Amino acid sequence: MNFVISLFVIVTVIHITPVAIYYLSMRRKAQKGPWNLSLDEDYSPTVTLIVAAYNEANTILNKIRNITELDYPADKLDVIIVDSASTDGTPRITEEYLQNNKPPFKTFLMEENRREGKAKALNHALQQASGSIVATSDADCLWTRGSLRNALKYLSDDSIAAVCGQEVLLNPKDSSATRTESQHRDFFNLIRLGESKTHSTIAFEGALALYKRKLLQRFDEDCDDSGSALNLVQQGYRTILVPDAFFLNPFPSKWSVKISKKTRRAQHLVGLWWKCLKLAIRRKLKLDPWISAANVFLYLINPFLFALFLGTIILVLITYPFLLLLLLLLPFIAIVPKMRDSLILYLTNHLFLLYAIFVESSGRKQVIWKK
Ligand code: GDD
Ligand code: MN
């Protein structure tokens, strides 16, 4: 076979096969695998729920009302809202509301003098957290009535140190930005569920995350919620995504907003797996070796294979110009919305990761973001 074609075939195979195999094996585990946990459905420990808020005047009251509706005894729940010098009146609005509408649970508004990022704010609040479980949520997401109870029961098993819930997009059909996000969610939630049944997933989201207080010294300030999960795995515990605790989020319909959100999240994940790789090299990583290897490949190696893959496609087209006729197929792909979205998802996800790797290697990670 000609060199160019051989190169193309080799790059395609190593770019696509590992991801396909990992996805299929994790999907199988997610759907059929056992949890190997002993759960107490009535586990009802004391919980401190921390909501970090920066410029959330439009959402914070809804959030407090939403917490009031949780199916959980009010005497076992207390809430800390931690504001980092919002400029839109968030603390004033919150204070006023709390004075006029006493919620059934204890609520404490904590005000920082300046904004140093969400993780730092969570750490300030953590110093005041007295519950045996510490939960985090975002001001702009909502929980269902059963979210807390359903997530808590998994913490009744001694091997589990932290759990996180699954996002439900409120507007999956709004635009191509939300449709692709919804596809992305379906894909990654299955992988994370499979990883959780195998041992642990450390791709955590702070919008619904619960930690055992005695095991959580600090929230990680480098890699966000996922970094906190990694620290617990390193202590010998499991951290899992659970199938029956949900948080609801409206997702930005505009690509411009989506891009800044996704590149930020990609930076956290690239930083996380870079940290894991360094630990693995020193033989100190306690995560399952297959999960670690697959994610290091997915986040740190495959984005470069993606670039190489695009490069070899160009090389093939230059060598065999008649193959340009294949481009005539593109309009057909574009007609089938699912295929078009998958293609956009594939391209953008890899671009976000390449950008994140570039940012990570230049040491300019985002700990404060525009609201
Ligand atoms: N106190 C405080 N200080 N809160 C902050 C700050 C800050 O500097 N920055 C953001 N927050 C709050 C927001 O008000 C919101 O309640 C929450 O942190 C999440 O921020 P969003 O701006 O809504 O970000 P997102 O929707 O992309 O959130 C997702 O990604 C983040 C990491 O990139 C979630 O998974 C977050 O939990 C995650 O931290
Ligand atoms: Mn948000």
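Just above, that's the structure.
In this report, we go over the structure that sits alongside the text. Predicted, not measured: the structure shown is a model, and the values here were computed from it.

Some details on the packing of aromatic side chains
One pass over the full model with this rule turns up 9 aromatic pairs. Look at Y23 and F187: their rings are 4.6 Å apart centre to centre, the planes differ by 15 degrees, and that puts the pair in the stacked class. Placement of Y23 in helix α1 (residues 3-32) and of F187 in helix α6 (residues 176-198) is noted, with a sequence separation of 164 residues between them. In this structure Y23 comes out as buried when scored by relative accessible area, which is 17%. Judged by centre distance (6.4 Å) and plane angle (10 degrees), the ring pair of W273 and Y299 falls under stacked. Of the two residues, W273 is situated in helix α8 (residues 255-281) and Y299 in helix α9 (residues 289-319); the sequence distance between them amounts to 26 residues. Within the aromatic cluster, the residues linked to one another by ring pairs are Y23, F187 and F188. Here the guanidinium or amino end of R115 rests over the ring plane of Y54, the centre of that ring lying 3.8 Å away.

A closer look at unusual backbone geometry
Even without glycine at this site, N55 takes up a positive phi of about 50 degrees. Under the relative-accessibility criterion, N55 is labelled partly exposed at 22%.

So, the sheet that holds strand β8 (residues 238-249)
With respect to topology, 8 strands assemble into an open sheet ordered β3-β2-β1-β4-β7-β6-β8-β5, the strand pairing being mixed. The open sheet has two edge strands with one neighbour each: β3 (106-112) and β5 (142-143). Of the pairings in the sheet, the one linking strand β1 (residues 47-53) to strand β2 (residues 77-84) comprises 7 bridges and is parallel in character. Bridge pairing in β2 links A53 to D83.

Concerning the nonpolar core
Counting 96 residues, the largest nonpolar core has L77, W143, L148, V163, I202, L210 and W273 as the members making the most contacts within it. When residues of this core are assigned to their parent elements, the largest contribution, 8 residues, is made by α9. Built from parts of two domains, this core gets at least three residues from each of domain 1 (3-25 + 279-361) and domain 2 (35-255).

Comments concerning the side chain of S196
Position of S196 among the secondary structure elements: in helix α6. Sequence-distant contacts of S196, defined by excluding residues within four places in its chain, comprise W35, T201, R238, I240 and L241.

Describing the pairing of β3
Alignment of β2 against β3, held across 7 bridges, turns out to be parallel. Looking across to β3, one finds that S84 is bridged to E112. A crossover links β2 with its parallel partner β3, the connecting element being helix α3 (residues 90-100), and its sense is right-handed.

Some points on the packing of α9 against helix α11 (residues 337-361)
Where α9 meets α11, the closest approach of the two axes is 9 Å, and the angle between their N-to-C directions is 115 degrees. For the crossing formed where α9 meets α11, the hand is left-handed. On the side of α9, the interface is formed by L298, Y299, L300, N302, P303, F304, F306, A307 and F309, while α11 contributes Y346, L347, H350, L351, L353, L354 and I357. Residues of the contact of α9 with α11, tallied by class, amount to 14 nonpolar, 2 polar and no charged.

Criteria and thresholds
- Residues numbered from 1 in each chain as written.
- Chains lettered and ligands numbered in written order.
- Predicted model: local features only at pLDDT ≥ 70, side-chain atom pairs only at ≥ 80, totals over all residues.
- Heavy atoms only, no water.
- Phe/Tyr/Trp six-rings, centres within 6.5 Å; stacked < 30°, edge-to-face > 60°.
- Helix = DSSP H or I, 4+ residues; strand = E, 2+ residues; numbered from the N terminus.
- Buried < 20%, exposed > 50% of the residue type's maximum accessible area, 1.4 Å probe, protein only.
- Lys NZ or Arg CZ within 6 Å of the ring centre and 35° of its normal.
- Pairing = 2+ DSSP bridges.
- Core = buried A, V, L, I, M, F, W, Y, C linked by side-chain atoms within 4.5 Å.
- Domains from an automatic or database assignment.
- Contact = heavy atoms within 4.5 Å.
- Right-handed = clockwise from strand over helix to strand, strands pointing away.
- Axes fitted to C-alpha atoms, helices over the stretch in contact; angles between N-to-C directions.
- Left-handed = near helix turned anticlockwise from the far one by under 90°.
- Nonpolar A, V, L, I, M, F, W, Y, C, P; charged D, E, K, R; others polar.

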